[in-house]
Structure formats: structure tokens, C-alpha cells
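Chain and residue survey
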Amino acid sequence: MLPSPARSGAAARCTGLVKRYEDVLAVAGLDLEVRTGECFGLLGPNGAGKTTTIEILEGLLEPDAGEVEVLGLRWGADDPALRERLGIQLQETRLNEKLTVEETIRLFRSFYRRGRDVDDVLGLLELQHKRASWVGKLSGGQRQRLAVACALVNEPDLLFLDEPTTGLDPQSRRQLWALIKDFRRRGGTILLTTHYMDEAQALCDRVAIVDQGKVIALGSPGDLVATLGADHVIEFAITDGATLPDATLRALPGVGGVRRGNDATELIASEVHLAVPALLAELERHGLHLTRLVTHHATLEDVFVVLTGRHLRDE
Amino acid sequence: MSDRGGAFSPLVELTTARLREFVREPEALFWVVVFPILLAFALGIAFPNRGEQPVLIGVEQTDGAEALARTLQAARGIRARLVRPADAERALRNGEVQLVVVPGAPPTYRYDPTRTESRLARLVVDSALQRASGRTDAWQAGEEHVDNVGSRYIDWLIPGLLGVNIMSTGLWGIGFSVVQARTKKLLKRLVATPMRRSQYLLAHLLARLVFLGVEVGALLVFARLAFGVPIRGSLLTLVGIAVVGALSFGGLGLLLASRARTLEAISGLMNVVTLPLWVLSGVFFSSANFPAAMQPVIRVLPLTALNDALRAVMLDGAPARALGGEVAVMAAWGLGSFAIAVKIFRWR
């Protein structure tokens, strides 16, 4: 038996979620619980089933199997009450291009019984100076802010953001991040999808890494990175694609793991200042030369690569 | 501005959004308001009341042709000219002449008896030649010539154009906007709010009624000023018929748009529906031209009902109570379509 929502404090929960399109299994038995007051991220590559999952939670798609509960209510029974309390930003929302920013917000505001003042929303999204502009004339970042504005007009308890910053310039991304953090600080719950690991790391209290319709890892970004066993990654490549045996590499001081890519080798290391000199000495001993050497802090991307052998985004 | 909360009515906001979207689309304004006026103007020029039209006669250039042509030219309502034998057939075929007279004793008439104007030409020519040869008429009938405003082609045409306009804007105006909203995922975004779906559809119909005043008014005023087309019945009845017609086609527009996923699909559907109506429902020529077997079908078409009702009010001054049948046909189409559309509408 499921615990009651009041006790568990879950803003959204699904268990055993399955969704099939034709012969593609988009979501393959996915479990999720978003706690009230947290920012929860679904992180995964394109086609992992993130959008399908979030749209099922938003009540826009029906699952083929599985239980869904949002704010303690169920789709199909409490739809109008639920819709009043949710804020939704769809992936690539295209609003009516011939309406102005203010008219668009007014229109969305009219659908809700309670909510924010139109000017208030304009101010929140820093769109005051664009209030009389047609939606069709806005920049990508402004459009995205307007999409989020439409999701915030009713002061939702739960905000769904589907790839909120995809395709945005760095400044617009930071603006949206600040907004999301602010919403969360004032007690709102957020479920967002992203394929940017830095976004998940910057915004989310907890992250579910999704691949092929399933959650393959769950936890805070820090905990997930910690599962790597070390917090640095050393990436190197050798002339003519030569390599050193795994055992040799693993024996280097401070190295906790070895991973082979197409054209490079990655070492998971806790102490870069010990591992790198040792690596260089080993190469010297074998008469090998480096063509590349890069180190970075371990990220959720590295967690994904370790779990699946693939990158989040093929660049 | 302070938070007005519940003072925002979703139906009002949706309707004004629809009106704004339309007014900010100059092409749409052209098709709804300017195009019908241009069409009426062009047709008014093409089919003016030119008074009595003479029959056009060719006289084949052989012996006695010139005398014969002079005789014909002297008679009333005949315009005769000489044609070379080699050209006669071509002139007949192209309608340059409606009948060719071959001089002789007696002369020969060469014409196509399936063409009304040629049969008329034969009667006129024969009468003129017989009289010139000494025939006397048994008696002279009295004649009354009628040239009433209201019985001209343009008078008959304008209500038909009005009907077609109400149909086109209802179908295209609503259909295109709905399908566009669907392809752009705007519908999906709207159903993610607590918006009542019926209000979205209703807003389209309400916005239609506002445009209706503009488009019908513009065409009627133009027809009055340019051609003196009368409105014999009550203006209120006319407005009522236009509203029923607009709602009927608005419902049909929603139905056609209820499933279509692309603008190409909706365009195809619209053409399939409107082309037969253009032809069958008496826009440019009376639907009485179709065989009796087709009449029951033609009578229950929404555009036939609308055109008949508009003509009855404008030309015959029919009162509202005489139009029950037409109103019932239009209402049935409108309500039926709307009900089905609401049921099968694809929201994403």
C-alpha cells in the first residue's frame, strides 16, 4: 500500500510507468518520487523518455501502465483541481505570434481562479519593456521566459519545466536559473528535464538519471558524483592510438578507475597531483608520447558515461 | 494595474485574442472584406443591364447578299454583316454571329438549334424577312416592358456572394486557425491549463459573429452604393439569417478542423466541401438548372438554405416566419457539426 501523500510529502509520484509508441518503448517501468519543496531533475540523453514521463505527470499523455499521483490527486478524477495548481512549460511551447506579451499573459491568467497580477509576472520575468511586443518578434530567450511566465501566472504549487534552457544563450540561461531558484526558495516544487549536466548540478536537489525509459541512478548531484569513487577525471590520448594496459593504469597512485573511449582513455582519480606525474613517468618508460591531456572535476556526465558507456550528448 | 483576479473572463479573453489575431493578419482581412467586394464589382461590370441586346446575324456573301443584309439591318433588334462563305462556320462557332443567312429563294438559315440565342435569332430574322416579303401580322399584341430594380442579375447575385462569403470565412477562418494552433502545439499548451475546452471552440464562433458584421455590412453597403441592390425585407431578419448561417458554417469549420494535423490536410478537406457547394447551391446560376432528381439533395445543403433565405429576405421581402425551413436546415448542420466536433476534437 502506498503511504498517503500528506505523510510521505510527495508532490508527484509514479510507479511502474510504461508508455509505448508504435513499436518503441519510450518509458519502460519507471518509478519516481518528487518531494514537496525540492527541485527534482530528470537528466538523460535525447530520446531517454524524459518528455514522455513529464507529460504523463502533467496529465497530457496517458500511460499504458503504472500509477500516477500528483499533489495527492489523480488524473482522470481531479483534473480541474489539479490544473489550477500546476505550472507547465512544454518543450518548445509556441505561443500565438500575433498576440503581445501582455495579452498572452492576460489570456493565460484568465484560465485560473487565483494567481498573480499580470504586471507582477511581467516584472518577475523581466519582460516589462517587451509587454507591447508581438510574441513573433521576441528573441529565443525572451520567448522562453514568456513560456515560463505563462507557467507561473497561477502561482503553482508544482512547476514542470521540460528542457527550459535548451537553445538559450548563456545570459538567458542564467536568468532562468535565477528564476527557478527563486521559485524553489519561496516553497515551490519543481520537476525539470534537461540534458545539460551543469544545469542539473546547479539547480537540482535530487536528480534521476534516465536512460532508455528507466531510472538508472537517483540521488543528489553530489552523491551521484561521489559514487564514482573520486572527484577528478584525467583524459589523455597517446600518439598513433597506442595504449597502456588497464592494470598498469589502475596501479597508478590516486587512480580509482579506467574507462576507454573511442580516441581517449579516462582515469577517475582522487588526487590529480599524484596521478598525473605517475602517468607521465609511465609513458616515458614505454617511450610513448601524449597527444592530449585534460583534467576536469567529475560531473554527472561522467556518472552517466560510467553507467551506460555513452555520453549524454554526442558532440 | 491591480490584480483583477476573477474579472478576467476566459471566454472574453479567448474571443478577443482570436479577434486580435485576425485583425493583425492583413491577408485575412483582404479575403474576408475586400475580395468579395472586388468579385461583386467585377461581376457587376461583366453582367450589366445593357437594355435590349440585338441578335447578331451573318449574311453569306453570294448573289443578293447585300440587299438581304440591308433589309435585315433596317429591322428592329438585328445587327447584320456580310461573311465570306469560308468564314461563316468559324464565325458561328465563335459566337461572332448567332445565325448565318444564305441568300436564295427562299433563303436558308444555318444555326445551332441547341443554342438559345441562335433560336431567338432565327425567330427574329424570319419574322423580319417574312414581313419584308409582304407578310402581314394577324394582330399586334400589346407590350409591357419591365426593368425593375431587384430583378436584375446583380440583384440575384449579391445574396449568393453574401452566402458564399459567410461560408468561406466560417470554414477557412475557423479551420485554418484551429489547425495552426494544433500544429504549433498551442492547443496542447492550452489544455494544460484549466481552460474549459468548449469555451475555446465557442470563442471561435463568437469571434466569427463580430467579423460577420464587418464583412456582410461592407458587401451590402457596396452593393447598395454601386448597383442600387435593394433590401426589401427587414434588416433585422437579414442579420438573423446571416448569424444563423455563420454559426452553421462555423460549426462545420470546427468539425472539418477537429482532426486535421496539417494545413495541407485542412485545405484539402475545405476544398472538397466547398467546391460542390459553390456549384450546386445557386451562387452564380440558379440551382433550378440541375435535374429534378438532384433537387432534394440540393435543398438540404447548408449553402442552398442560406442563399435561398438571403434572397427571400433581400429580393422578395420575406418575413422571418416564412424562412423556418431554411433556418432549420442551417441550424441542423451547425448544431450537428459542433456536437460531433466537440466529441472528436484532437487537442494535441
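Small disclaimer: the values here were computed from a predicted structure and weren't measured.

Our focus in this paragraph is the overall build of chain A. Secondary structure summary: chain A contains 12 helices and 13 strands in total. Out of the 315 residues belonging to chain A, those deemed buried represent 43%. If you take every contact in chain A between residues at least 6 apart in sequence, the share linking residues at least 24 apart comes to 71%.

Take the overall build of chain B next. If you tally the helices and strands in chain B, you get 13 helices and 4 strands. The C-alpha atoms of chain B give 28 Å as radius of gyration, which overshoots the globular expectation for 348 residues (20 Å, by more than 25%). Looking at chain B as a whole, 37% of its 348 residues are labelled buried. Sequence separation of 24 or more characterises 76% of the internal contacts of chain B that already satisfy a separation of 6 or more.

Moving on: the environment of T62 of chain B. With respect to the element layout, T62 of chain B can be found in the loop between β1 (55-60) and α3 (65-74). Taking the C-alpha atoms as reference points, T62 of chain B and L255 of chain B, separated by 193 residues in sequence, lie 67 Å from one another.

Bring the parts together and some accessible area is lost; that lost area is often taken as the interface size. Contacts between the two partners involve 24 residues from chain B and, on the opposite side, 27 residues from chain A. Of all the secondary structure elements, the ones that give two or more residues to the side of chain B that touches chain A are α1 (10-23) and α7 (186-191) of chain B. Among the elements that take part in the side of chain B that touches chain A, α1 of chain B stands out by supplying 5 residues, more than any other. Classifying every residue of the side of chain B that touches chain A gives 8 nonpolar, 5 polar and 11 charged.

With 152 residues, the main nonpolar core has L57, I105, A149, F160, I190, L191 and L300 of chain A as its most contacted residues. Here this core gets 15 residues from one element, more than from any other, and that element is helix α6 (residues 153-183) of chain B. Excluding residues that lie within four positions of it along the chain, F160 of chain A makes contacts with I54, L57, E58, L86, G87, I88, Q89 and L191 of chain A. Core analysis: the next-biggest nonpolar cluster, separate from the first, contains 18 residues, V59, L72, A80 and V97 of chain B among them.

Turning to the packing of helix α12 (residues 302-316) of chain B against helix α13 (residues 324-344) of chain B, a few remarks are in order. Residue and element names in this part refer to chain B. Here α12 crosses α13 at 145 degrees, and the two axes come no closer than 9 Å. The two elements α12 and α13 cross, and the hand of that crossing is left-handed. Across from P302, A305, L306, D308 and A309 in α12, the residues of α13 making contact are E326, V327, V329, M330 and W333. Residues that form the contact of α12 with α13 fall into these classes: 8 nonpolar, no polar and 2 charged.

In terms of domain boundaries, chain A breaks down into domain 1 (5-218) and domain 2 (229-297). Summarising the inter-unit geometry, the C-alpha centres of domain 1 of chain A and domain 2 of chain A are found 41 Å apart.

A separate point is the confidence of the model for chain B. Residues and elements named next belong to chain B. Mean pLDDT for chain B: 88, with 95% of residues reaching 70 or above. Note that pLDDT drops below 50 for residues 1-6; the model gives that stretch 7 contacts with residues more than four away or on any other chain. For this predicted complex, the interface confidence score (ipTM) comes to 0.84, while the overall pTM stands at 0.79.

Looking now at the sheet that holds strand β3 (residues 39-43) of chain A. Residues and elements named next belong to chain A. Sheet architecture is open: 6 strands sit in the order β5-β6-β7-β3-β8-β9, paired in mixed fashion. Either end of the sheet is taken by a strand with one partner, and the two such strands are β5 (86-89) and β9 (214-219). Across the sheet, the mean angle separating the axes of adjacent strands is 15 degrees when strand polarity is ignored. The sheet contact formed by β3 and strand β7 (residues 189-194) spans 5 bridges and is parallel. By the bridge assignment for β7, F40 is matched with L191. Helix α7 (residues 170-185) contacts β3, β6 (158-162) and β7 of the sheet and is inclined by roughly 150 degrees relative to β7.

In this section: the confidence of the model for chain A. Residue and element names in this part refer to chain A. When pLDDT is averaged across chain A, the result is 88; 97% of the residues are at 70 or more. Within chain A, β6 carries the highest mean pLDDT (96), whereas helix α1 (residues 5-8) carries the lowest (46). Taken together, the stretch residues 1-7 has pLDDT below 50 and engages in 5 contacts with residues farther than four places along the chain or on a different chain.

With that settled, consider the domain arrangement of chain B. Each assigned domain of chain B is listed with its residue range as follows: domain 1 (25-47 + 152-344) and domain 2 (55-132). Using only C-alpha atoms to locate each centre, domain 1 of chain B and domain 2 of chain B end up separated by 47 Å.

Attention now moves to helix α6 (residues 140-152) of chain A. Residues and elements named next belong to chain A. Compared with the 18 Å implied by 1.5 Å per residue over 13 residues, the 19 Å span of α6 between its first and last C-alpha is a close match. The element α6 is largely enclosed, with a buried count of 10 among its 13 residues. Where α6 is buried, its residues touch β5, α4 (101-110), α5 (118-124), β6 and α7.

Before going further, it helps to examine the pairing of strand β1 (residues 10-21) of chain A. Residues and elements named next belong to chain A. Here 9 bridges tie β1 to strand β2 (residues 24-35), and the two strands are oriented antiparallel to one another. When the bridges of β2 are listed, K19 appears paired with V27. In this antiparallel pair of consecutive strands, β1 and β2, the connection spans 2 residues, and E22 shows a positive phi of 50 degrees. Here β1 pairs with strand β4 (residues 65-70) via 5 bridges, running antiparallel. Within the sheet, the bridge partner assigned to C14 lies in β4 and is V68.

Our next topic: the pairing of β6 of chain A. Residues and elements named next belong to chain A. Most of β6 is tucked away: 5 of the 5 residues are buried. Residues L158, F160 and D162 point to one face of β6 and L159 and L161 to the other, with burial holding for every one of them. Note: β5 against β6, 4 bridges, orientation parallel. By the bridge assignment for β6, L86 is matched with L158.

Residues and elements named next belong to chain B. Relative orientation of the contacting elements α6 and helix α10 (residues 263-280) amounts to 165 degrees, with a least axis distance of 10 Å. Taken together, the axes of α6 and α10 are roughly antiparallel relative to one another. Seen from above, α6 lies across α10 with right-handed handedness. On α10, the residues that touch V164, M167, S168, L171, W172, G175, F176, V179, Q180 and T183 of α6 are L263, I266, M270, V273, T274, L277 and W278.

Let us look at the sheet that holds β1 of chain B. All names here are of chain B. The 4 strands are arranged β2-β1-β3-β4 in an open sheet whose pairing can be described as mixed. Unpaired on one side and paired on the other, β2 (78-83) and β4 (108-110) mark the two borders of the sheet. Direction aside, neighbouring strands of the sheet carry axes that sit 30 degrees apart on average. Alignment of strand β3 (residues 99-102) against β4, held across 3 bridges, turns out to be antiparallel. Directly across from V101, in β4, lies its bridge partner Y109. Across the face of the sheet, helix α4 (residues 85-94) comes into contact with β1, β2 and β3 while running at roughly 160 degrees to β1.

What counts, and where the lines are drawn
- Residues numbered from 1 in each chain as written.
- Chains lettered and ligands numbered in written order.
- Predicted model: local features only at pLDDT ≥ 70, side-chain atom pairs only at ≥ 80, totals over all residues.
- Helix = DSSP H or I, 4+ residues; strand = E, 2+ residues; numbered from the N terminus.
- Buried ≥ 20, exposed ≤ 12 C-beta atoms within 10 Å, placed from the backbone.
- Contact = placed C-beta atoms within 7 Å.
- Rg over C-alpha atoms; globule rule 2.2 N^0.38 Å.
- Nonpolar A, V, L, I, M, F, W, Y, C, P; charged D, E, K, R; others polar.
- Core = buried A, V, L, I, M, F, W, Y, C linked by C-beta atoms within 7 Å.
- Axes fitted to C-alpha atoms, helices over the stretch in contact; angles between N-to-C directions.
- Left-handed = near helix turned anticlockwise from the far one by under 90°.
- Domains from an automatic or database assignment.
- pLDDT = per-residue confidence, 0-100.
- Pairing = 2+ DSSP bridges.
- Expected span 1.5 Å × (residues − 1).
- Parallel < 35°, antiparallel > 145°, perpendicular 65-115°, else oblique.

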